[in-house]
Amino acid sequence: TIDHEVQSFADARLGEESAACVVMDVNNGDVIAFSSTPGFDPNLFNIGLSGEQWRSLTQNDHKPLLNKVMGGTYPPGSTFKPVVALAAIEAGIATPDFHVGCNGRYVFGGHEFHCWQKKGHGSQDVVSALKNSCDVFFYETARRVGIDRIEEAARKLGMGAITGIELPGERGGLIPSREWKKKTYRSAWQQGDTLSVAIGQGYVTATPLQLVQQVARIASGRA
């Protein structure tokens, strides 16, 4: 399903950066471009690598041997906010008249959580909050929605599980839950954990392939 022209464009734009790019057809899930940089010549493994060549691959901080598109797991950051928005809409919280005021900070449990926009965004509904990537809106919305509904929405969009692409080495990322934290850390889930997840930080991780699948499902109306 790879489109040679789009693939070449992606490769050229990424160059030798430590980066990943994946393009998907939202109508049928076809992968149009799939680029992880920097790359390496796989023929070297057939003819034999010198010690210097091996070190250049394994000690390179850009990790050329890692397929970042499907094998690299990273905090998704603000690209996770549509998950929270979907959970809030399905829970009946993010209605057309639901607004959150943003002055640049959110106080909870004696701690301040800051918005990236220091002066704040003012009154935000779900559409403007997504447009402006307003952290304060998603802190408050996630607090109301709760981690259980956020986890449910994330899994509906394919997060926290492999996509099943027919290539080896895919990783599933992590969508945290109350049960997961109790099992992993032997401690209860806290509201502060939910606020971190709200903006794609904290425990949540994802691959670029999962993120493009998430957006494709929303764009296609199959969420």
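Our subject is the structure listed above.
Structure report, in brief. (Residues numbered from 1 in each chain as written. Predicted model: local features only at pLDDT ≥ 70, side-chain atom pairs only at ≥ 80, totals over all residues. Heavy atoms only, no water.)

## Some thoughts on the overall build of the protein
Part 1: A count of helical and extended segments in the protein gives 11 helices and six strands.
Part 2: With the C-alpha coordinates of the protein rotated into their principal frame, the extents come out at 65 × 40 × 35 Å.
Part 3: Counting across all 223 residues of the protein, residues that qualify as buried make up 41%.
Part 4: Long-range pairs, those at least 24 residues apart, make up 66% of the contacts in the protein between residues at least 6 apart in sequence.
Part 5: Approximately 12,200 Å² of the protein is accessible, and the part contributed by carbon and sulfur atoms is 51%.
Part 6: The centroid of the 22 positive side-chain charges in the protein is displaced by 10 Å from the centroid of its 23 negative side-chain charges. (Helix = DSSP H or I, 4+ residues; strand = E, 2+ residues; numbered from the N terminus. Buried < 20%, exposed > 50% of the residue type's maximum accessible area, 1.4 Å probe, protein only. Contact = heavy atoms within 4.5 Å. Areas by Shrake-Rupley, 256 points an atom, 1.4 Å probe, with all protein chains shown as cover. Lys, Arg positive; Asp, Glu negative; His and termini not counted. Charge placed at Lys NZ, Arg CZ, Asp CG, Glu CD.)

## Looking at the environment of Gln124
Part 1: Relative to the elements of secondary structure, Gln124 occurs in strand E6 (residues 122-124).
Part 2: Sequence separation between Gln124 and Thr95 is 29 residues; the distance between their C-alpha atoms is 12 Å.
Part 3: Gln124 has contacts with Phe98, His99, Val100, Ala129, Asn132, Cys134 and Phe137, leaving out every residue within four places of it along the chain.
Part 4: Here His121 takes part through its backbone oxygen, which lies 3.1 Å from a polar atom of the side chain of Gln124. (Polar contact = N/O pair within 3.5 Å; in protein donor to acceptor, adjacent residues only side chain to side chain.)

## Quick notes on the packing of helix H5 (residues 81-90) against helix H8 (residues 147-156)
Part 1: Where H5 meets H8, the axes come as close as 8 Å, and the angle between the chain directions of the two elements is 115°. Accordingly, the angle class assigned to the pair H5 and H8 is roughly perpendicular. Where H5 crosses over H8, the handedness of that crossing is right-handed. Along the contact surface, H5 presents Val83, Val84, Leu86, Ala87 and Glu90, while H8 presents Arg149, Ile150, Ala153, Ala154 and Lys156.
Part 2: Its residues assigned to classes, the contact of H5 with H8 comprises seven nonpolar, no polar and three charged. (Axes fitted to C-alpha atoms, helices over the stretch in contact; angles between N-to-C directions. Parallel < 35°, antiparallel > 145°, perpendicular 65-115°, else oblique. Left-handed = near helix turned anticlockwise from the far one by under 90°. Nonpolar A, V, L, I, M, F, W, Y, C, P; charged D, E, K, R; others polar.)

## Brief notes about the pairing of strand E5 (residues 111-114)
Part 1: Alignment of strand E4 (residues 105-108) against E5, held across four bridges, turns out to be antiparallel. Across the sheet, residue Val107 finds its bridge partner in E5, namely Glu112.
Part 2: Connecting E4 to the next strand, E5, in antiparallel fashion are two residues, including Gly109 with a positive phi near 60°. (Pairing = 2+ DSSP bridges.)

## A few points about the packing of helix H7 (residues 135-145) against helix H10 (residues 191-198)
Part 1: Where H7 contacts H10, the axes come no closer than 8 Å and their chain directions differ by 130°. It follows that H7 is oblique to H10 by the angle criterion. H7 and H10 meet at a crossing whose hand is right-handed. On H10, the residues touching Phe138, Tyr139, Ala142 and Arg143 of H7 are Gln191, Thr194, Leu195 and Ala198.
Part 2: For the contact of H7 with H10, a count of residues per class yields five nonpolar, two polar and one charged.

## A closer look at helix H11 (residues 208-219)
Part 1: Counted at 1.5 Å a residue, the expected span for H11 with its 12 residues is 16 Å, and the 16 Å between its end C-alpha atoms agrees.
Part 2: The set of residues buried in H11 consists of Pro208, Leu209, Gln210, Leu211, Val212, Gln213, Gln214 and Ala216.
Part 3: Positioned one or two residues after H11, Gly221 has a phi angle of 80°, which is positive. (Expected span 1.5 Å × (residues − 1).)

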